[in-house]
Amino acid sequence: GLQFEWAWQHPKRSRLVKGVYRSKRPPYGMKGKLQILYEMLNLLPWKNYPLHVHYTSNDVMDVGQKYSKKLPAHMDVVSGTLDG
């Protein structure tokens, strides 16, 4: 979990992610962070894990799905409260 978070926050410095952003500036802002998230979830080792993307806002989920890569088929995307 900590490796994922660090790589997400430092995509140009992470050895697992930097190849994606080698020649260009990583995206920034909410849309950019969502693009990095979806990009990372399509990279090894994370693309093989049974992960779930849980949004607490439908608006943010719409942005993430509109401007980002598709996730591997085994990953779920849900929206709602974190209570259960």
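Rules behind the numbers
Residues numbered from 1 in each chain as written. Predicted model: local features only at pLDDT ≥ 70, side-chain atom pairs only at ≥ 80, totals over all residues. Heavy atoms only, no water. Phe/Tyr/Trp six-rings, centres within 6.5 Å; stacked < 30°, edge-to-face > 60°. Lys NZ or Arg CZ within 6 Å of the ring centre and 35° of its normal. Helix = DSSP H or I, 4+ residues; strand = E, 2+ residues; numbered from the N terminus. Contact = heavy atoms within 4.5 Å. Axes fitted to C-alpha atoms, helices over the stretch in contact; angles between N-to-C directions. Parallel < 35°, antiparallel > 145°, perpendicular 65-115°, else oblique. Left-handed = near helix turned anticlockwise from the far one by under 90°. Polar contact = N/O pair within 3.5 Å; in protein donor to acceptor, adjacent residues only side chain to side chain. Pairing = 2+ DSSP bridges. Right-handed = clockwise from strand over helix to strand, strands pointing away. Core = buried A, V, L, I, M, F, W, Y, C linked by side-chain atoms within 4.5 Å. Buried < 20%, exposed > 50% of the residue type's maximum accessible area, 1.4 Å probe, protein only.

Colleague: So what's going on with the packing of aromatic side chains? Which residues, and what values?
Modeller: Under the criterion given, the structure shown has 1 aromatic pair. For Lys-33, the ring lying beneath its charged end belongs to Trp-8, and the centroid distance is 5.1 Å.

Colleague: Just give me the short version of the environment of Met-61, but keep the residues and values in it.
Modeller: Tracing the chain through its elements places Met-61 in helix 3 (residues 58-67). A C-alpha to C-alpha distance of 7.2 Å links Met-61 and Ser-79, two positions 18 residues apart in sequence. Here Met-61 is in contact with Tyr-55, Val-77, Val-78 and Ser-79, once residues within four sequence places are set aside.

Colleague: I'd like a rundown of the packing of helix 1 (residues 2-9) against helix 2 (residues 29-40), residues and numbers included.
Modeller: Between helix 1 and helix 2, the least distance of the axes is 10 Å, while the angle of their chain directions is 135°. In terms of axis orientation, helix 1 runs oblique to helix 2. As for the relative orientation of helix 1 and helix 2, their crossing is right-handed in sense. Two secondary-structure elements touch here, helix 1 through Phe-4, Ala-7, Trp-8 and Gln-9 and helix 2 through Lys-33, Ile-36, Leu-37 and Met-40.

Colleague: With reference to specific residues and values, describe the side chain of Glu-39.
Modeller: Within the fold, Glu-39 resides in helix 2. A polar contact of 3.2 Å, which involves the side chain of Glu-39, links it to the side chain of Lys-69. Other than its neighbours up to four places away in sequence, Glu-39 contacts Val-20, Tyr-21 and Lys-69.

Colleague: Can you tell me about the pairing of strand 2 (residues 76-79), naming the residues and giving the values?
Modeller: Relative to strand 2, strand 1 (residues 52-55) is paired through 4 bridges, and the arrangement is parallel. Within strand 2, the position partnered with His-54 by the bridge is Val-78. For the handedness criterion, the β-α-β arrangement of strand 1, helix 3 and strand 2 is classed as right-handed.

Colleague: Run through the nonpolar core, naming residues and quoting values.
Modeller: Across soluble globular proteins, you tend to see nonpolar side chains buried next to one another. Core analysis: the biggest nonpolar cluster contains 17 residues, and Val-17, Leu-37, Met-40, Leu-41 and Trp-46 have the highest contact counts within it. Among the elements of the structure, helix 1, helix 2 and strand 1 are those that each provide at least two residues to this core. In terms of residues, this core owes the most to one element, helix 2, which gives 5 residues. Look past the residues within four positions of Leu-41 in its chain and what remains in contact with it is Phe-4, Trp-46, Lys-47, Leu-51, Val-53, Leu-71, Pro-72 and Met-75.

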